[in-house]
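One letter stands for each residue in the lines below.
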Amino acid sequence: ICSLLQSIANQPYGAESLIHARVLEAMESAATTYAKQEADLTAKLEKETGSYRQVKILAPDYLMGHMKLLSTIMASNTLPTQYVQRLPEQVMHILRHYKKIFQRLCYNFPYESDLLRAFLRCFLDATALSLPADPNDRYSQLTQSFRRTFQDLFSKEGFLENGILMLCKQLLENP
């Protein structure tokens, strides 16, 4: 399904149509559901497992498609200004639900490195979209809102810093 939606997003005004169809809200709903299920599973495993049991939690199958779709929507050059202004914050809210996966991907690098790359690309696309090169650009009013969201979701919790540090440690130990 995500491949079809990516094809639609690549068409003129396709990304706008997907936003109208509330695709971003559906992706956030899926992310919220996944985060709750993972938290429940983790709590259950903590109660049941002994110190000798190792459990590996994999990323959901749909996550790669969602990351690619988000990047495709953000890459659209036909989105109206009001969508471009809200889009980075919406993407960050979706990514927030996957922070545990991001940390696992960094820690287990190079395992599922394609998903890690897609996640980082999506994160960087949202950042690039929200921070214009020219301060007088028409999107400059978004900067303050985006900074607040970025700090609340990532910096305070050490999301990006911890993930990047884990990734660097993995690369150092396993070149």
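Up top you'll find the structure we're talking about.
Now for a description of the structure that goes with this document. In this text the structure is predicted, and so the values were computed from the model without any measurement.

Applying the stated criterion to the full structure yields five salt bridges. In this structure, the salt-bridge partner of Arg117 is Asp114, at a minimum N-O distance of 2.4 Å. Note that Arg117 and Asp114 are positioned in helix H7 (residues 113-130) at a spacing of three residues, about one turn of the helix. Under the relative-accessibility criterion, Arg117 is labelled exposed at 52%.

In this section: the environment of Ala39. Mapped onto the elements, Ala39 comes out in helix H3 (residues 23-48). By relative accessible area, which is 35% here, Ala39 ends up partly exposed. Spatially, the C-alpha atoms of Ala39 and Lys100 are 9.7 Å apart, while their sequence positions differ by 61 residues.

The rules behind these values
- Residues numbered from 1 in each chain as written.
- Predicted model: local features only at pLDDT ≥ 70, side-chain atom pairs only at ≥ 80, totals over all residues.
- Heavy atoms only, no water.
- Salt bridge = Lys/Arg side-chain N within 4 Å of Asp/Glu carboxyl O.
- Helix = DSSP H or I, 4+ residues; strand = E, 2+ residues; numbered from the N terminus.
- Buried < 20%, exposed > 50% of the residue type's maximum accessible area, 1.4 Å probe, protein only.

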